[in-house]
Amino acid sequence: MAHAVGIDLGTTYSLIAVAGAGAPPRILLDENGEGRLPSAVFFAEAQTQGAVVGFDAFAAARSQPGALLTSTKRFMGKGRAAAAAHLVDGARNYLLVDSDDDRQVLFQVPDGSGGVRASTPVEVAAYVLKALKDRAEDVLGGGAVADAVITVPAYFDDAQRQATRDAGRLAGFNVLRLLAEPTAAALAYGLDKEAQGRGQGTYAVFDLGGGTFDVSILTFDRGLFRVRATAGDTALGGDDFDWPIARRILDAVGLSTTATPQQTQQALQMARSAKEILTVRESVEVSGFLDVDKERRSVAFSLTRAELDALMLPVINRCAGPCERALVDAGLTPAALDGVILVGGSTRVPLVRAFAREFFGRDPLLDAHPDEVVAAGAALQAALLSGSDERDMLLLDVTPLSLGVETMGGVVDKLITRNATIPCSATHTFTTYADQQTAMDIHVLQGEREKVEHNKSLARFRLRGIPALGAGLARVQVSFQLDADGLLTVTATEQATGAVQSIEVKPSYGLTDAEVEEMLLASIDNAEADITERLLIEKRVEARRVLQATHKALDDDGALLEPGERTSIDATMLALEQAITGDNRHVLQEATEALDQVTTSFAQRRMTRRIGEALENKRIDQI
């Protein structure tokens, strides 16, 4: 029997689950009864059986030389600069391959024969996914496990989603869908509550994992799960709680700025263990050994929860901005919510729970398993998509950022707006700007600002075969199709000839760590100035078009002008040219209207001539 599985591909830990035939989802456990698989991959210098994954990766890293890669989800679909910036006072937990190509992160790992090679976040994720696939096949039996729903942070952009899908395919999965993590959690939580007769209401899903933070506002209503708004930070998570402790560990053995990747990984593992203990205790003795210059140096110091809280507070406070944006976008206040659901291992931290309680003004709901609920929701969706579960259920997700195209003057025409329900499509018809224009460049952008330069470029392509007509006469229809995974296809069609050009947007790398948040904050801070500038640009574009058309009309039909009329038109055109150089759109509008008025009689005479030429020497029946 074929099984469809749900996978929570996490920054720190990953899980796999299965559901079907109305049965509740269950987490698949390894031979030791553990559901979590550390998202860690170790490449040994003397490889005999390939890369080692999970808890075995940590064990192998302690016993032999090699490269241990952890938390690489943070770099899925991102450029090299994102990884280069991930430092701890000069120490990093990986080595980068020197390359002139900065479109993707390349980790330096042993090749197994004494040399080195490059590995990518996609390859690392594929190793983790393959290990989960092997576990599922061992537990479930009966053949290969092929179909999967894989979760992603709600704020993953197109490049990050595509990288996740590629990792799934590389691991041997047929990826049925990429599902936002908060949505998956809400799906599992909502169905569970529905079974208890409490499956209605509006909830905030507060999802803080190892490397990403998302907050989504969802409404449950008898099998309908609708995401109303989402916000987040793709570079905020439990890893940020570990680094300050790891820095103190490195300082204790004199490696504050000289630690190797292996030493940094050792410190991070000790830090994570201490943090987890402090979620249930008031203090912990941080102790262990670090390998320094072929000797083992001991680390020993006390750390209290209060000290850890002081280190974590600036990081946790960064959750406030996304929470505020999600509520504003949903048009709600905290009091309008029916509850707050905590998701992700980092929500076990008492200070995180205190933050959620204070921000939303209520105690968060703790009856959902924070580590397992995302995988459970993914399994439910996999069962539904594969046909093994026939429950009446509809899941409506949203897109985190607006999508549009560049228009004349360097402004963005948004076809799909932020928080639009997906899957969705949008179509807009554009026209040519110049006479005899036979091609049109389509520039696809993502972001919230009005000008092209302030948004993220996703793709460019050219539509050819446009009829050589006058400016404004050709019609080009541009269509955006956003699928359930949040992946975009753009199609441009010239309506007279049927010429078509299409592109599936697959950028080679995504937004930098803070870029999504910066884009949204900038769009809010600059909203009024952006709209004012956009209106001015549009008036300038229209004014230049009117001037261009007037110049052509004068060249073609100047003989139709009456005495003194040319002088009046020239003076009005000069006034419009001067207005274009200014910054007052109202003056520009008045100058454009003035030229329209002064050329009205001339335009009427031109039209009369054209009609006469069209009717000349023609019989009534021919007309």
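This is a predicted model, so every value here is computed, not measured. (Residues numbered from 1 in each chain as written. Predicted model: local features only at pLDDT ≥ 70, side-chain atom pairs only at ≥ 80, totals over all residues. Heavy atoms only, no water.)

What to know about the overall build of the chain
Right, so step 1: Of regular secondary structure, the chain possesses 16 helices and 27 strands.
Right, so step 2: Put simply, the chain has 623 residues, and 53% of those count as buried.
Right, so step 3: Within the chain, contacts between residues at least 6 apart in sequence are counted, and of these 67% link residues at least 24 apart.
Right, so step 4: In the structure as shown, the chain presents an accessible area of about 27,000 Å², 49% of it carried by carbon and sulfur atoms. (Helix = DSSP H or I, 4+ residues; strand = E, 2+ residues; numbered from the N terminus. Buried < 20%, exposed > 50% of the residue type's maximum accessible area, 1.4 Å probe, protein only. Contact = heavy atoms within 4.5 Å. Areas by Shrake-Rupley, 256 points an atom, 1.4 Å probe, with all protein chains shown as cover.)

Some words on the confidence of the model for the chain
Interpreting fine coordinate detail is not advised for predicted regions of low pLDDT.
Right, so step 1: On average, residues of the chain carry a pLDDT of 83, and 87% of them reach 70 or more.
Right, so step 2: Counting interchain partners and residues more than four positions distant, the pLDDT-below-50 stretch residues 87–91 has eleven contacts.
Right, so step 3: Note that pLDDT drops below 50 for residues 507–517; the model gives that stretch 33 contacts with residues more than four away or on any other chain. (pLDDT = per-residue confidence, 0-100.)

Section: the packing of helix α14 (residues 565–580) against helix α15 (residues 585–598)
Two packed helices can be described by the angle between their axes and the distance between those axes.
Right, so step 1: The interhelical angle for the contact between α14 and α15, taken along N-to-C directions, is 160°, at an axis separation of 9 Å. Classified by the angle their axes make, α14 and α15 are roughly antiparallel. Crossing of α14 over α15 shows left-handed handedness. On α15, the residues touching Glu-565, Ser-568, Ile-569, Thr-572, Met-573, Ala-575, Leu-576, Ala-579 and Ile-580 of α14 are Val-587, Leu-588, Ala-591, Thr-592, Ala-594, Leu-595 and Val-598.
Right, so step 2: Broken down by class, the residue content of the contact of α14 with α15 amounts to twelve nonpolar, three polar and one charged. (Axes fitted to C-alpha atoms, helices over the stretch in contact; angles between N-to-C directions. Parallel < 35°, antiparallel > 145°, perpendicular 65-115°, else oblique. Left-handed = near helix turned anticlockwise from the far one by under 90°. Nonpolar A, V, L, I, M, F, W, Y, C, P; charged D, E, K, R; others polar.)

Digging into the nonpolar core
Right, so step 1: Judged by nonpolar contacts, the single largest core of 52 residues is most densely connected at Phe-206, Ile-249, Leu-290 and Phe-360.
Right, so step 2: Residues contacting Leu-290, with those up to four places away along its chain left out, are Ile-249, Leu-250, Val-253, Leu-255, Gln-263, Gln-266, Met-270, Glu-295, Arg-296, Arg-297 and Val-299.
Right, so step 3: One finds Leu-28, Tyr-94, Ala-136 and Val-175 within the second-largest nonpolar core, a separate group that totals 38 residues. (Core = buried A, V, L, I, M, F, W, Y, C linked by side-chain atoms within 4.5 Å.)

A short note on the packing of aromatic side chains
For any pair of aromatic rings, the description rests on two quantities: the centre-to-centre distance and the angle between the ring planes.
Right, so step 1: Counted under the stated rule, the structure contains eight aromatic pairs.
Right, so step 2: What links up through ring pairs into an aromatic cluster is the set Phe-206, Phe-213, Phe-355, Phe-359 and Phe-360.
Right, so step 3: When the ring centre of Tyr-13 is taken as origin, the NZ or CZ atom of Arg-36, which lies over that ring, is 4.1 Å away.
Right, so step 4: Positioned over the ring face of Phe-602 is Arg-606, at 6.0 Å from the centre of the ring. (Phe/Tyr/Trp six-rings, centres within 6.5 Å; stacked < 30°, edge-to-face > 60°. Lys NZ or Arg CZ within 6 Å of the ring centre and 35° of its normal.)

Considerations on the pattern of salt bridges
Right, so step 1: For the structure shown, the criterion picks out 26 salt bridges.
Right, so step 2: For Glu-137, the salt bridge goes to Lys-133, with nearest N and O atoms at 2.9 Å. Placement of the pair is Glu-137 and Lys-133 together in helix α3 (residues 121–140), with a separation of four residues, close to one helical turn.
Right, so step 3: The class for Glu-137 is partly exposed, based on a relative accessible area of 22%. (Salt bridge = Lys/Arg side-chain N within 4 Å of Asp/Glu carboxyl O.)

Concerning the sheet that holds strand β20 (residues 411–416)
Right, so step 1: Pairing is antiparallel across the open sheet formed by four strands, whose spatial order is β20-β19-β23-β24. What marks the edges here is a single partner per strand, and that holds for β20 and β24 (456–464). Pairs of neighbouring strands in the sheet enclose a mean axial angle of 30°, with direction left out of account.
Right, so step 2: Looking at chain direction, strand β19 (residues 403–407) and β20 are connected through five bridges and run antiparallel. When the bridges of β20 are listed, Val-405 appears paired with Asp-413. (Pairing = 2+ DSSP bridges.)

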